[in-house]
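Survey of secondary and tertiary structure
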Amino acid sequence: MDGLNWRKSSYSGNGEACVEVATTADAVLIRDTKNRERGPVLRVSPETWSAFTAKIKAMEGPLERP
């Protein structure tokens, strides 16, 4: 997964308890920041990612941490 431009959400603050996302021509890749080097990477289509982010944006109220 070298050479990808991984980015964190601006909502993640300074902590490492978040996920990072990278995009390629045909996929969106998601990984846990706590295990960048050897952890699993979730791969979804751009259409799936777009539908997911649209649902999140449509939610009312602030996102709460458990």
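From a predicted model like this one, the values you see are computed outputs, not experimental measurements. Counting restarts for each chain: residues are numbered from 1 in the order of the written sequence. Selection of residues for local features in this predicted model requires a pLDDT of at least 70, selection of side-chain atom pairs for listing and counting requires 80 or more, and totals for whole chains, interfaces and linings are taken over all residues. Hydrogens and water are ignored here; the side-chain numbers use all heavy atoms of the structure.

**Section: the packing of aromatic side chains**
Any pair of Phe, Tyr and Trp rings, taking the six-membered ring for Trp, is counted once the centres come within 6.5 Å. Such a pair is stacked with planes under 30 degrees apart, edge-to-face with planes over 60 apart, and tilted for the rest. Applying the stated rule across the entire model yields one aromatic pair. Ring centres of W49 and F52 lie 5.5 Å apart, and the angle between their planes is 40°; this geometry places the pair in the tilted category. On the criterion of helical spacing, the pair formed by W49 and F52 is a turn pair, its members being three residues apart in helix α1 (residues 46-58). Working definition: with a 1.4 Å probe on protein chains only, accessible area under 20% of the residue-type maximum means buried, over 50% means exposed, and in between means partly exposed. Overall, the relative accessible area of 45% leaves F52 in the partly exposed class. One Lys or Arg, R31, reaches over the ring of W6 and ends 3.9 Å from the middle of that ring. By definition, any uninterrupted DSSP run of H or I lasting at least four residues is a helix, any uninterrupted run of E lasting at least two residues is a strand, and each is numbered from the N terminus. A ring has a charge above it when a Lys NZ or an Arg CZ is no more than 6 Å from the ring centre and no more than 35 degrees off the ring normal.

**Let's talk about the sheet that holds strand β3 (residues 28-32)**
Strand pairing in a sheet relies on backbone hydrogen bonds. The paired strands run either parallel or antiparallel. Overall, antiparallel pairing links the four strands, which are arranged β1-β2-β3-β4 in an open sheet. Edge strands, defined here as strands with exactly one partner in the open sheet, are β1 (7-8) and β4 (41-44). Two strands pair if DSSP finds at least two bridges between them. Looking at chain direction, β3 and β4 are connected through four bridges and run antiparallel. If you follow L29 over to β4, its bridge partner there is R43.

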